[in-house]
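# Fold and geometry: a report
One letter stands for each residue in the lines below.
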Amino acid sequence: MARPFISSSAAAAEAHSKSRFEAYSRLQAAAVAFGEKFPIPEIVAIGGQSDGKSTLLEALLGFRFNVREVEMGTRRPLTLQMVHDPTALEPRCRFQEEDSEEYGSPMVLGTDIAALIKQRTESHLEKIQAAVSSKPIVMRAEYAHCPNFTIIDTPGFKMEATRGEPKNTPDEIRSMVKTFATPPHRLILFLQQSSVEWCSSLWLNTLREIDPTFSRTIIVISKFDNRLKEFKMRWEVDTFLGARGRFGDNTRPFFVALPNDCGTSNEDFRRQICELENRVLRQLQDDVKGGFDEEKYGSYIGFSRLKEYLESELHNRYKAAAPATLALLQQRCGEIGVDLTRLDMKLTAMSDVSRLKRLAVFHVGSICNHMLALLDGTNDPDPGQFGITTEDEQVQSGIHSWPGIDIPIKPTNSDLKLYGGAAFDRVVDEFFQAAYSKEHPQLPKDKVANILLAHAKRGGSSAIAREAAQSKDNVGNILLAHAGRGGSEAAAAIAREAAQSWLSPLLDTACDRLAFVLQNLFELALVRKQNRDSKYPDIAEDMGGYIRFQAAIRCSYCKFVNELSRQCKNKVQGHLDTVTSPCLSGAGTLADSFDLSDSEKRQDQQSTSLKDQDLSSHVHGGKHKDIVITNAHGRMEKRARIAYEISGPLYSTICKMCGDSFFAIMRKVLIENNVHSAFESGFITPWRRGLFMAIFLDLFAVSDEKFMDMFDVPSGVDAVRNERHSLLERQKILVSCLKEFTDPY
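In this report, the structure presented in the accompanying data block is examined. Bear in mind that the values here come from a model prediction, so they are computed numbers and not experimental data. (Residues numbered from 1 in each chain as written. Predicted model: local features only at pLDDT ≥ 70, side-chain atom pairs only at ≥ 80, totals over all residues. Heavy atoms only, no water.)

### Examining the overall build of the protein chain
What counts is decided by this rule: Numbering of helices and strands runs from the N terminus; a helix is a DSSP stretch of H or I covering at least four residues, while a strand is a stretch of E covering at least two. Each residue gets one of three labels from its accessible area relative to the maximum for its type: buried under 20%, exposed over 50%, partly exposed in between, using a 1.4 Å probe on protein chains only. Residues count as neighbours in contact if any of their non-hydrogen atoms are within 4.5 Å of one another. Surface accessibility follows the Shrake-Rupley procedure with a 1.4 Å probe radius. Residue values consider only the protein chains on display as shielding.
Within the protein chain one finds 23 helices and twelve strands. Put simply, the protein chain has 745 residues, and 48% of those count as buried. Considering only residue pairs separated by 6 or more positions, the protein chain has 82% of its internal contacts joining residues 24 or more positions apart. For the protein chain, the accessible area works out to roughly 36800 Å², and carbon and sulfur atoms hold 51% of it.

In structure tokens form, the structure reads like this:
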């Protein structure tokens, strides 16, 4: 069959239309790859599942690629860029890479196309762990039998999730379709089966939400051949074709019938489309009494009529959108040029050691100032979001309880979300409550006896024996006298051991918790700095891309706080050692050493005297009993044996003396007179004075070569280079499109 004559002007118009569409296609590729926003005229196909969208797409392309078999329309959108190329006697399809504007090698076989769509869909959904995704697959099809336009096939509406899908999948699809169809530069191709009555349409209300006036909507009644057998009279046909005025006078549906046979060749597929269209028209004309209103509805029946309308409408929209698109392209090209200049200057500056040091010093100083503000008290960042309760602090620090305490400790404001100085003071209060949570820690009886016996028998058993040999008194009376004289000293020694063994772990835990509060200031300072810098983006220098530098600051600060914690532990341990020193905690001396009031001293002396009497009354044994031994000369001699037993009442009396007189005073002096000031002088004061200097010496008191190691790959330099490369690729494609859009019509 001879090709019809085409005038030179018509050929030029067709070539220009194709060139314009090519420019829009490249723009769309850039929009998908780079996240650009361009008002590109496009068609978005929407409708319920099984309403015929996939078959319609294949009819527009002019060939079949079994798209229905991979169910891509139900899981991920497909953007089809159709390019009319008279030289492409076989379809050439290329897929855009997932995260690039580049296209892969051409594909011809429909089975290969379907397999790639399926593979990309499943791979992407598995990666994001979802049933559907709004990220489209982009396919460019060049063919002699397809038009020049772009159509986006969206997932089909459905009432319920299929087996294995999340229950909210239908809602996700509906929301996704609305997002694709809402932009005003996009035409909406709404499909509905002819077997569905308008009053029963499930998705018509959704369409009204997207386009209330149907000004952008093209309605397509699919599978029209299935409805023809119901028409007998002309008024029935005209009523159905007129849609009973549901869409106004300016919107009329198209009625399309397409073949279902999937096993045909591409040529047979196109031939069947034409034959089915002719058969539908003949059936309306011949099998319906009176025919139908061809003048009114004839231009809306058949696939060819729909295709002509879509091509014409998109061509007009391309032409109308060209000026705005050209202006936007010029703006974006200018912006990218400015960004490239900025990045070039930044890359040059990255090799300037002096400049980098100035920026780094300013950056570190800013972080330190923000930490100081947080310690002094501030509401930035929001405490409700970034503050933590006592329970959260225990969990995050890994210190869930206080050693030796099995009851919950709830400090003041434990339920409030605090940070900085407020959180520091709350930990100190929590320590105070923990330290006062017990009157006196219980010691095993063998430990009490070990100390008490040593003090009661001071001078050794031989001294007691000699004294007993020279005296007519019972050995037990002599032992009682020794026990009485050493009872208070024994109680003081027991109290010292109890204070050391119980208070020392509490002090270490308090230092660890306070160190955590100070460590947490660094993260909060970064958030606070980001909040402040976002208000002045032109002034603030972004140092976040220098990964090694940021890590070095963090490590230096952690080392600084850990050293403060170690020093503070030594300081408070020194106070504990002083308070529990035998020189100060002996009988009658502890109260004097710490300047208690006269009434407290007298009360303590009376208590000690009474407890010494109680001690003597509870020492048992000591009966004089001879034992026979063999001396060095082999002669038998009689010696005295001393029996000395610690009874239950004696143990209780000693423990009570320890707690009431000695341990209580040691704890009070340590906590109220020493520890609070030690925490202040061990943490806060050196933290304020040495914060900046400690980090400064770590980062800047080094050679230039070592300093620059913090700014090498993988750091900010690499990130800037990658950003610059991406901008260059974007600029390349946008400038190419700009040249095509500047060509006059």
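### Some points on the sheet that holds strand β3 (residues 92–95)
Hydrogen bonds between backbone groups are what pair the strands of a sheet, and the pairing can be parallel or antiparallel. Filter applied, for reference: Pairing between two strands is assigned when DSSP locates at least 2 bridges connecting them. Between N-to-C directions, angles cover 0 to 180 degrees, with each direction set by a line fitted to C-alpha atoms, over the stretch in contact for helices.
The sheet built from eight strands is open, its strands ordered β3-β4-β2-β5-β1-β6-β7-β8 with mixed pairing. Either end of the sheet is taken by a strand with one partner, and the two such strands are β3 and β8 (254–255). As defined by bridge partners, β3 adjoins strand β4 (residues 137–143) across four bridges and the pair is classed as antiparallel. Opposite R92, over in β4, you have E142 as the bridge partner. Helix α2 (residues 53–61) contacts β1 (42–47), β2 (78–84), β4, β5 (149–153) and β6 (186–193) of the sheet and is inclined by roughly 165 degrees relative to β5. Here helix α3 (residues 110–128) sits on the sheet and contacts β2, β3 and β4; the angle it forms with β3, its principal contact strand, is near 10 degrees.

### A word on empty space enclosed by the protein
What counts, and what does not: Buriedness of a pocket was judged along seven lines, with at least five required to meet protein on both sides within 12 Å; pockets are open sets of points on a 1 Å grid over the protein atoms alone, cavities are sets where a 1.4 Å probe fits but cannot get out, and lining residues have an atom within 4 Å of a point. Grid points are joined across faces, edges and corners, and a volume is the space filled by probe spheres set on the points. Each residue gets one of three labels, nonpolar for Ala, Val, Leu, Ile, Met, Phe, Trp, Tyr, Cys and Pro, charged for Asp, Glu, Lys and Arg, and polar for the others, Gly among them.
Per the counting criterion, the structure on display carries four cavities of 30 Å³ or more. Size it by volume and the largest cavity reaches roughly 50 Å³. Sorting the residues of the lining of the largest cavity by element identifies α13 (420–435) and α16 (475–535) as the ones contributing at least two each. Element by element, the count of residues in the lining of the largest cavity is highest for α16, at five residues. For the lining of the largest cavity, a count of residues per class yields eight nonpolar, two polar and one charged. Size it by volume and the second largest cavity reaches roughly 40 Å³. Every element with two or more residues in the lining of the second largest cavity is listed here: α13 and α21 (648–700). Residues of the lining of the second largest cavity, tallied by class, amount to three nonpolar, one polar and two charged.

### Here's the deal with helix α6 (residues 234–242)
Here is the rule we go by: Within this analysis, the arc is defined by the directions that extend from the helix axis to the C-beta atoms.
Buried within α6 are the following residues: V237, D238, F240 and L241. Buried positions in α6, seen along its axis, are confined to an arc of 165 degrees and lie on one side of it. Turning to α6, the residues buried within the fold contact β7 (217–222), β8, α7 (266–286) and α8 (294–297). The positive-phi residue at the C-terminal boundary of α6 is A243, with phi of around 55 degrees.

### Structural notes on the pattern of salt bridges
Here is the rule: Every case where a carboxyl oxygen of Asp or Glu lies within 4 Å of a side-chain nitrogen of Lys or Arg is listed as a salt bridge.
If you walk through the whole model with that rule in mind, you get 30 salt bridges. Among the salt bridges present, the one from R227 reaches E230, with a minimum N-O distance of 2.8 Å. R227 sits in the buried class, given a relative accessible area of 7%. With relative accessibility at 45%, the residue E230 sits in the partly exposed group.

### Observations regarding the state of the cysteines
In plain terms, the rule: Throughout, disulfides are identified as pairs of cysteine sulfur atoms within 2.5 Å of each other.
For the structure on display, the rule yields zero disulfides. Between C555, a cysteine without a disulfide, and C558, which holds the nearest cysteine sulfur, the sulfur-to-sulfur distance is 6.5 Å.

### What about the pairing of β7?
Of all six residues in β7, six are buried; the element is thus mostly enclosed. The two faces of β7 match: T217, I219 and I221 on one face and I218, V220 and S222 on the other face are all buried. Inspection of the sheet shows β6 paired to β7 by six bridges, in the parallel sense. Note that in β7 the partner of F190 across the bridge is I219. As paired strands, β7 and β8 are joined by two bridges and run parallel to one another. Each bridged residue has a counterpart across the sheet, and for V220 the counterpart in β8 is F254.

Shape is all these values report; function is a separate question.
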